[in-house]
Structures are given as C-alpha cells and as structure tokens.
Amino acid sequence: MRVLLSLLFVVGSALSAYGQTLINNFDNLRPDTAFVFLVEGGSRTTAVADTIDKIGSTGASTEFFSYLASLHSWGTFSQIGESYTAPQDWSGNDTLNFWLKVSQAPVHPEAMVFRIHLVDDVGGNEEELLYEHATIIDTMVGWVNLRVPLYARPTTGVEVPDTTGFIHAPSNWGMATNDGILDKSRIVAWKFVPVSTTIAEDSVKIKFDGFYRTGHLAVPMVIFTGKDWMGYFSTWAWGQSSISVEPNKGYLPGQSAVKWVQGDEWGNGWTGWGGDVNPTFDLGGGWAVDSLKFYMKCDTGVGPIRAQFESANGKRGSVFQPFNDTLWHQYKFPLREMVVQDNAPNFDSTKINKFGIMAEASGKAGKTLYITEIWTGTPTIDVIPPNAPTGVAGSGTNYLNVITWTDTPGEAGAKYNVYLADHAWTDVDDPTVEDLPPYNLTSGTQIAEHVLRHPVTDANITYYYGVTAKDATGNVSAPGLASSPTTTLAKGVPTISLNPPTTFTADGDLTEWSSITPIELAISKLTAHAATNTTISSDADLSTLCYLAVDADYLYVAFDVVDDVFSVDTAGTSYLQDSPDLMIGLYDWRGKHHTGYTGGPRPEYHFRFALNALMIDNFGGARILAPGANYYWAQKPIEPGYIVEAKIPLTAIANANPSRNDVKFTPVDGYRIPIDFSINDNDTPGDPNARQGILCYSRLNQDNSWSDQFYWTYTWVGTRMTPTGVDDNASTPLTYALAQNYPNPFNPVTQIRYSLAQAGNVSMRVYDILGREVATLVNEYLGAGEHVATFNPAATRGGLASGVYFYRIESGSFRDVKKMMLLK
C-alpha cells in the first residue's frame, strides 16, 4: 500500500472510562420499532413484556417465544431486532452488552445456536456480519450478562462465526456483502437470531433486557485528508470568506490544501469557514487524550485564529496566533484544553455536529491561508489510489468471455471490479461503460466471466474491457485497460415480442402463442439453476416456458410450467407456494447496474403470478389483476403442472405506486430490458409454507434477485440490439425535442417530456433565476425515442421556494432551455 508517510499513525488506545449508550431497554414493544424481522415458513414468534422478571427496579423485560419449523435441510431460524431509518454511529464503543434469560430450553440444544447480526450501509449498499454463541441458549438459566466484542475479526478464507467477533457468513449463505468491513459508524439494523441447525422442529423462549453499547474508544475524526473533505463534512463560509480545495498546494508533493481567503463583511474582523458534521461524530472517547492537528501557512499580518468544535448547545475551541512567515507549520491543540466559546457551555463531545476555523475579530479582507491534514487523534489515512491492474486481457470461447489481470503489487486486501463497453473507453464513470457483477473480487481471483447474449440469433460481439483496484481504505485506481478488444460469438436469446397474440384469451390454451419463442428455464438445458439451499431434482420436478410480448398498451405474459407436485392453498398468494416471479425493468437499460429498484423514468417491478392475484411484490404485494378476462392461473387438466396467462395494462403498472411517478412504458425495437425469473416450487400439498425449490434464470440469482437489480440478466424488445432511431408505432423519424413541463405552474411535482433522435449521453438540469444549479434530473446514456423526466422540488436539499426556474437539456449537439413556475 502506498501511503503518505506523514499520515500513517497507530490507532489510539481505548480509555479506561467505561461509558454506555442504550440501544433498547425491552421495556415494551415500541410501536415505531420493527421487532420481528423475519419468520421463515411455518416458524413463528411472539413477544410479551414482563414487568416482574427484569433487571433493575424499573421497566420490564421482553420474552420472545420462537417456534422453529422443519423447513430446510440445514434447519431454520427466526429473527428479532431493530432497524433504523438513518444510520447509527456505534464507532465510539467496543462492546455490546445485554442480559438474557432462557425460560424454555430447546428440545435439541446440540443443534441450537444464538447469533447476533449487524447490518451496515455504505453508499446505499448494505452488508451483514454475524457473531455466534453455540451454548448460551441451550439450557434454562437465570439472568446472564452477555458481552459481545464490537469488532470484526480478520477473515481467513474459511469463515466460521464464533464468539471472538463479527464476521461475514460463508459465501453460500446468501447474506449481503459490500466492502468487507464492519462500518460501526453506519449501523442500520441489529438482529437476535435463534437458529436450529437440524431439520427437526424446535422452540425456545428467551427474555432480553438492558441492551447497551459500552466502552468508549478514542475514535479519530478526520476533516480534511490532504486530498479532499471527508464525506460526512459539508462546508460553508461566512463573513465574505471563501474556501476551495487547491491541488498541489500542500506541504507535500501532490498534496491538496484548503485555501481560505478572508473577508470582512461586517467590518468587525469576524469571518471564517466551517462545516456541518452529519451524522454527528462521537469524540467522547478521545476528548481526554486526543488533539486537534493541522498544517497551516498564512500571509503576513494575519491575526488571531480560533479552531472550534460544536454540539447542539455548546462550543469548545482554542484561540491562537499563527506564524506569519508564509511557511508551513503544524498546529496541535489538546481537546481537553479547549475552552467554552461564545458563552455556550453545554457542550457534548459525543455529538459533534460542526467544526470551524475563524478569525478572532481579526479578519482582513484578502488575507490568504492554506490548511491541510485536519484531524483528531492518530488515524491511518491512505489518500493515494493504488496503481491500476496490469495485464488486463479478454479471451473468449462461444458465448463466454474470460477477463484476466495481474493483481496490483503491495495492495493486500485490494478488491477488483471489471468494466466493459462496445467501444474504446478510458473512464469508468462514462455512462456508456457497463460494470460486470459480481463486484469486489478479492486479491488472487484474477478472473471474471462475462456471459454473452444477443437478441434472437447467435452473432459476434466485440467488447473492450478494463479492471480497477480498490485498496483497503477505499481508494480506487484508474482502470487498467485491455490492449485490444475481444470479439466472441454471443448466444442468441429469446426476446420480448412486439407482435402479441392477436387472439389473446386468458383461458389456459397457449396455441395463440405459437409464433413467439419462449424463454426456457430448464436445468437439463443449462438455461436455469436451483438456488442455493433449494432442490430441483429434474426438469420433471420443475421447468418452465415463459412467453413475453408487448404493444403500446399491454404487457403479455404466459407461463407453461411443468411441476410434478401441484401445491397451493385457497389464498394462493404466497411466494412459498407454487408461483412464478418475474423481475423486469420497463425502460431501455444501458450502463451501470444498481442496487434495489428504481422508479420514475426507469421503473422496475417484481411481479408475482399467484393463484388468486397478479401482484407487484416490491409495492408490498399490491394487486393489479384478479382472475378474469385478463388473468388466468390453473392446474393443467392432464399433464403435471399449471398454466398462467396475463394481459397487463401498462397504465395500471405505471400507476400502481403513485409516489414513484413511474413513466408508462413505450416499447421500441432494440430496447435492452433488465429481467430475471424465480419459479417457486412447493412439493408438500397441505403445507402452504413448504417451498422446497427455486428455479432461477440469471446465473447470479441465488434467491436474491428480489432485492437488487444487479443480480438480474437482460433481454431485448424485438430483434435489434439498439433502437433504430425510428418510432415503430408512428413510423416517422424521431427528432430532438424538449416539451413544456406539465402541469405548469406546478405543485408538488411536474413532468418533462423530451425525445432523442439518436441514442447518446443526456443531461437535464434545473436552475434558479440567478443561474445556480438546483437539481440534476437526467445524467445518463439513453436510447433514441420518447422519454419523461420527473421534477420533485421537495427532493432537493432544503427544498425550493416558489418562483421561476429553468430546465436545460443537452444531448450531442442538441441544446434547449424552457421556463417553469413552482407555486406553493
């Protein structure tokens, strides 16, 4: 790892003081808390507050009863816990501390373990780590205090959870992963998980009380790294001061510095800069032992300066006279010696929400100061990206390219990501460049596979590959690029037909679909696989033909399912029963994958075709069709299996969740469509929760495509790889155009329609009457055709006031600007 030598330190030691912060006291089942995360299959939990049997003289404990059904070959589990709408900062603590009491022991204690799961969120991507105690809930005992190290232990390659700390589960457990680090400053959920590792049914009752995070750590706080601001720090300046980050202005070669030009707006010398810290930062563990440090040089004649931390109701800072020799000097101020400022004594060092540097009534307009490396404590900071991987190359055999590279030397723990395009490129942020899941391939992997697809027929496709390295502190290299493109035969795959059955009838007779090539999901044909920990024994056990078509008004879907055991109940709407799931994006998808589901102009849906309803699962099971003229679901009369037919109004799909402002799909030959299937198989009639198999389409789908789009694969509309630039419905050439927003004036949202004559990069931004950018509505590669952007002023930072705004579009040589009015 190449690190700035001046920035490499040893992390500060813990204080002997033992602080604690309540996570949950279990006094009652709070109505704003989602205590039950998941109950598998026939498992169930109940929770009862107990004011008699508790720890301490006030409050209560909560007793959880977990019944664990016989569900999987490896056993089953239930989860209880708490989720947070905003990430919680637990970085100032080293231990989780709570009380538990087993009031009913498991029947099979040898197979019962107790796990704690922590979920963090970095950049919108969650990951889950877990701790396991093998015996703590095996027998009935009195109250026991369990102290769990709030620590992610090093990975070894063969991960087995235990009591020494938190660790990622084995890869085949299917839990979310991100950067492989327990980010204690971004905790979004915790879970207590009784697990039975046998197929036998079991149950356990556990009481919990007094759940705290304890032990204060001296956690360093970094404001400016010598390259840039930290992500949790948003800057501002006042008193006519200005600040900017200036490359190559630090005291080390290649180092950046903050340039502060003083102002004097009020004529009294008060001027400065600072920033908001969000989320708040806990410096409580380090306040007694750490110092604020930075390097600074300034013009001659600069007067006294104050460096200051703030919490909601208090300020502490140090006032000093800087050296006036235009040379770099390091400044160091012990935090414990900082004094109350501005008569604001109620300072809380555990909830820092602002940091600033200002002239102490000494500001002189135009005086310039440079400051770099601003932090407390002794952090390890690596701000230099690793070298790009070398030896990047692609090689292909029919339907598959293999990408190889050489790991970057000296970057232990680095992760690698692969990118591609059908043209030469140099920048991974180019919206025409695509990423290749799975992500964050570990050192030593040095290989990735790219499955090649083409609409309808086999054809040669050329791709240009590149690989980036991400070091252990998150710095990302420039891409190492393959020296030449790779041309390989791609597999022709069935697409979404633009010619739906002209005599469509939802009656189970699929003869009208005979002209449409189905997508086949069959293990024997290598076109599908069983998800991990599920079983599909053969094509006779479960296989499927799926037919897809679309026109201007409807999406047409049919499933011909071979299923040796037909199993649904009278409700017939659960994913644990026989039912196909379709994940699909109704827009032209180009560029990067993403997590979750998008809406608006790029809407994505998870459809469940159940016995008694067609539902959208990612809308909470919203029902959009019932059995009738447009929806059919029934068991085959002779052969094993069932038939599904659906004619789904595109308007009904777009309007199913009004809060997303989804755009109604307009099909165009050549649109690339993200898609995946999961076919649920229940082989136990009479048990509506006994799903035994999941037949998956995308090679990345391991019963996880319901959560994130990057697991999906793709197909096309029609027979082309890209749109032709011709509107197939109107049979007239497309043109560039920007329409007036509607409604106008508007409140709270408005839509802006525009058309593109050719595919390309599109930018649409909103400006106020002073020309300041207030929102970016579009910044991506889009296909030719009609598009819609949605503008919601409430989603902008701080919202927008009533008034006149302008929206501007750019694509290729096309430019246009129009005016709109927001009325509140």
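Look up: the structure comes first, before these words.
Parameters at a glance
- Residues numbered from 1 in each chain as written.
- Predicted model: local features only at pLDDT ≥ 70, side-chain atom pairs only at ≥ 80, totals over all residues.
- Heavy atoms only, no water.
- Phe/Tyr/Trp six-rings, centres within 6.5 Å; stacked < 30°, edge-to-face > 60°.
- Helix = DSSP H or I, 4+ residues; strand = E, 2+ residues; numbered from the N terminus.
- Buried < 20%, exposed > 50% of the residue type's maximum accessible area, 1.4 Å probe, protein only.
- Lys NZ or Arg CZ within 6 Å of the ring centre and 35° of its normal.
- 1 Å grid on protein atoms, 1.4 Å probe; cavity = no way out; pocket = protein on both sides within 12 Å on 5 of 7 lines; lining within 4 Å.
- Points joined across faces, edges and corners; volume = space filled by probe spheres on them.
- Nonpolar A, V, L, I, M, F, W, Y, C, P; charged D, E, K, R; others polar.
- Salt bridge = Lys/Arg side-chain N within 4 Å of Asp/Glu carboxyl O.
- Pairing = 2+ DSSP bridges.
- Axes fitted to C-alpha atoms, helices over the stretch in contact; angles between N-to-C directions.
- Polar contact = N/O pair within 3.5 Å; in protein donor to acceptor, adjacent residues only side chain to side chain.
- Contact = heavy atoms within 4.5 Å.

**Q** Quick question: what am I supposed to make of the packing of aromatic side chains here?
**A** Here a ring pair, both rings aromatic, is described through the centre-centre distance and the interplanar angle of the planes. Considering all chains together, one arrives at 55 aromatic pairs under this definition. For the ring pair Tyr131 and Phe166, a centre distance of 6.0 Å and an interplane angle of 40 degrees mean the geometry is tilted. Taken as a pair, Tyr131 in strand E8 (residues 125–133) and Phe166 in the loop between strand E9 (144–149) and strand E10 (167–168) lie far apart in primary sequence, 35 residues in all. Phe166 matches Tyr131 in its accessibility class, with the two residues each being buried. Here the aromatic rings of Phe504 and Trp513 are separated by 6.3 Å at their centres, their planes lie at 85 degrees, and the arrangement is edge-to-face. With respect to burial, Phe504 and Trp513 carry one shared label: buried. Grouping aromatic residues by their ring pairs yields a cluster made of Phe26, Phe64, Phe98, Phe114, Trp190, Phe192, Phe208 and Phe211. When the ring centre of Tyr714 is taken as reference, the NZ or CZ atom of Arg453 above it lies at 5.6 Å. Above the plane of the ring of Tyr714 lies Arg672, whose end atom (NZ or CZ) is 4.5 Å from the centre.

**Q** Explain the layout of surface pockets here, please?
**A** The rolling of a water-molecule-sized probe over the atoms marks out the regions of remaining empty space. Taken as a whole, the second largest pocket encloses approximately 870 Å³ of empty space. Lining the second largest pocket are 34 residues; nearest its centre among them are Val451, Arg453, Tyr697, Arg699 and Thr713. For the lining of the second largest pocket, the secondary-structure elements that each account for two or more residues are strand E28 (434–442), strand E29 (447–451), strand E33 (486–493), strand E34 (519–521) and strand E46 (713–716). When residues in the lining of the second largest pocket are grouped by element, the largest group, 4 residues, is from E28. Partitioned by chemical class, the residues of the lining of the second largest pocket number 19 nonpolar, 8 polar and 7 charged.

**Q** Got a minute to help me understand the pattern of salt bridges in this structure?
**A** Pairs may arise between side chains of opposite charge once their charged atoms sit close together. One pass over the structure, following the stated rule, counts 24 salt bridges. Across the pair Asp342 and Arg306 runs a salt bridge whose closest N-O atoms are separated by 3.1 Å. Taken as a pair, Asp342 in strand E22 (residues 339–346) and Arg306 in strand E19 (residues 305–311) lie far apart in primary sequence, 36 residues in all. The shortest N-O distance in the salt bridge between Arg691 and Asp703 comes to 3.7 Å. Of this pair, Arg691 sits in strand E45 (residues 691–696) while Asp703 sits in the loop between E45 and E46, and the two are 12 residues apart along the sequence. One connected set of salt bridges, linked through shared partners, spans Asp50, Asp53, Lys101 and Lys207.

**Q** What exactly am I supposed to notice about empty space enclosed by the protein here?
**A** Counted according to the given criterion, the structure contains 1 cavity of 30 Å³ or more. Approximately 30 Å³ is the volume attributed to the largest cavity. Along its surface, the largest cavity is lined by Phe64, Ser66, Ile80, Pro194, Val204, Ile206 and Phe208. Sorting the residues of the lining of the largest cavity by element identifies strand E4 (61–68) and strand E12 (202–216) as the ones contributing at least two each. Among the elements that line the lining of the largest cavity, the one with the most residues is E12, at 3 residues. Looking at the lining of the largest cavity, its residues break down into 6 nonpolar, 1 polar and no charged.

**Q** So what exactly am I meant to see when it comes to the sheet that holds strand E54 (residues 803–811) here?
**A** Two pairing modes exist for strands in a sheet, parallel and antiparallel, and in both the strands are linked by backbone hydrogen bonds. Across the sheet, which stays open at both edges, the 4 strands sit in the order E52-E51-E54-E55 with antiparallel pairing between neighbours. Looking at which strands have only one partner, the edges of the open sheet turn out to be strand E52 (773–782) and strand E55 (814–822). On average, adjacent strands in this sheet sit at an angle of 15 degrees to one another, irrespective of strand direction. Note: strand E51 (residues 760–767) against E52, 8 bridges, orientation antiparallel. In the sheet register, Arg765 faces E52, and the bridge partner there is Thr776.

**Q** What's the story with the side chain of Glu82 in this structure? I'm lost.
**A** With respect to the element layout, Glu82 can be found in strand E5 (residues 76–88). Classification of Glu82 by relative accessible area gives buried; the value is 2%. Within the local environment of Glu82, its side chain forms a polar contact with the side chain of Asn24, the two groups lying 3.3 Å apart.

**Q** What is the right way to read the pairing of strand E7 (residues 112–122) from this model?
**A** Look at any regular strand and the pattern is simple: side chains alternate between the two faces of the sheet. The buried fraction of E7 amounts to 10 of the 11 residues, a majority that puts the element mostly inside the structure. In this structure, E7 lies alongside strand E11 (residues 187–196), joined through 9 bridges in antiparallel fashion. Pairing of His117 across the sheet is with Lys191, part of E11. Direction of pairing for E7 relative to E8: antiparallel, over a ladder of 9 bridges. The partner of Asp121 across the bridge, within E8, is Glu126.

**Q** Help me out: how do you make sense of the environment of Asp325 in this one?
**A** Along the chain, Asp325 falls in the loop between strand E20 (313–320) and strand E21 (329–334). Placed 26 residues apart in sequence, Asp325 and Asp299 show a C-alpha to C-alpha distance of 7.0 Å. In this structure the side chain of Asp325 is engaged in a polar contact, spanning 2.9 Å, whose partner is the side chain of His329.

**Q** Can you help me understand the environment of Leu150 in this one?
**A** Tracing the sequence through the fold places Leu150 in the loop between E9 and E10. Separated by 509 residues in sequence, Leu150 and Ser659 have C-alpha atoms that sit 39 Å apart. With near-sequence residues (within four places) excluded, Leu150 lies in contact with Trp90, Asn93, Asp94, Thr95, Leu96, Leu118, Phe166 and Lys184.

**Q** Help me out: how do you make sense of the side chain of Lys207 in this one?
**A** Assignment of secondary structure puts Lys207 in strand E12. Within the structure, Lys207 has its side chain in polar contact with the side chain of Asp50 (distance 2.7 Å). Within the structure, Lys207 has its side chain in polar contact with the side chain of Asp53 (distance 3.0 Å).

**Q** Sorry if this is basic, but what is going on with the sheet that holds strand E25 (residues 390–397) here?
**A** The 3 strands are arranged E25-E26-E29 in an open sheet whose pairing can be described as antiparallel. Only two strands of the sheet have a single neighbouring strand rather than two, namely E25 and E29. On average, each strand axis in the sheet is tilted by 20 degrees relative to the strand beside it, whichever way the strands run. Bridge analysis of strand E26 (residues 400–406) against E29 gives 5 bridges, and the strand direction is antiparallel. Each bridged residue has a counterpart across the sheet, and for Thr404 the counterpart in E29 is Ile447.

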